[in-house]
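# Fold and contact review
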Amino acid sequence: MTDKTLKQLVALTIALLLLFQIAGMIAGFFGMAWGAVSALVVATISFFSMRLAKAGGKSSLWFLLPTLLFTLLPLTWTIWNAVTVETGWFERLVALTPFLVGFLLPVMLLLAVHHELRRRTRDTP
């Protein structure tokens, strides 16, 4: 696979992780119908952001902005829930571990890979 194809696959994986996390969070609040609607909204915003990032050339702001937004919202909500519950530090750590391991760390690692692939494809003639 070429670096460009790898970069596109990494961007798609990040979008799918964001879609899953936001839709799951909204579905937990309001039910499955709103979860499905929010998944469509996140997918649409991510799609248009990727197109704007591709059109922007060297600037990746349009790719990073929704990614950070859709990462910070669930992160803030999860941390708030873990901190406000009257439990010990170990229970809080256990409550945060699935979110950190299943969402936050994979997104951060994929962003690092995407950044490196973007740099490589930009540097090659």
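Just above sits the structure.
One structure accompanies this document, and this report is about it. (Residues numbered from 1 in each chain as written. Predicted model: local features only at pLDDT ≥ 70, side-chain atom pairs only at ≥ 80, totals over all residues. Heavy atoms only, no water.)

### What to know about the overall build of the protein
The helix and strand tally for the protein stands at four helices and zero strands. Counted from the first residue to the last, the protein has its helices and strands arranged as α-α-α-α. Considering only contacts in the protein between residues 6 or more positions apart, those separated by 24 or more positions represent 69%. A total of about 8300 Å² of accessible surface is found on the protein, and carbon and sulfur atoms cover 75% of it. (Helix = DSSP H or I, 4+ residues; strand = E, 2+ residues; numbered from the N terminus. Contact = heavy atoms within 4.5 Å. Areas by Shrake-Rupley, 256 points an atom, 1.4 Å probe, with all protein chains shown as cover.)

### Comments concerning the nonpolar core
With 17 residues, the main nonpolar core has Ile14, Ile22 and Phe103 as its most contacted residues. Of all elements in the fold, only helix H1 (3-30), helix H3 (61-84) and helix H4 (89-123) reach the threshold of two or more residues within this core. Beyond its immediate sequence surroundings of up to four residues, Phe103 is in contact with Leu17, Leu18, Gln21, Phe70, Thr71, Pro74 and Pro98. (Core = buried A, V, L, I, M, F, W, Y, C linked by side-chain atoms within 4.5 Å. Buried < 20%, exposed > 50% of the residue type's maximum accessible area, 1.4 Å probe, protein only.)

### Overview of the environment of Leu9
Locating Leu9 in the fold gives a position in helix H1. Classification of Leu9 as partly exposed rests on a relative accessible area of 39%. Along the backbone, Leu9 and Leu110 are 101 residues apart, and their C-alpha atoms lie at a distance of 9.9 Å.

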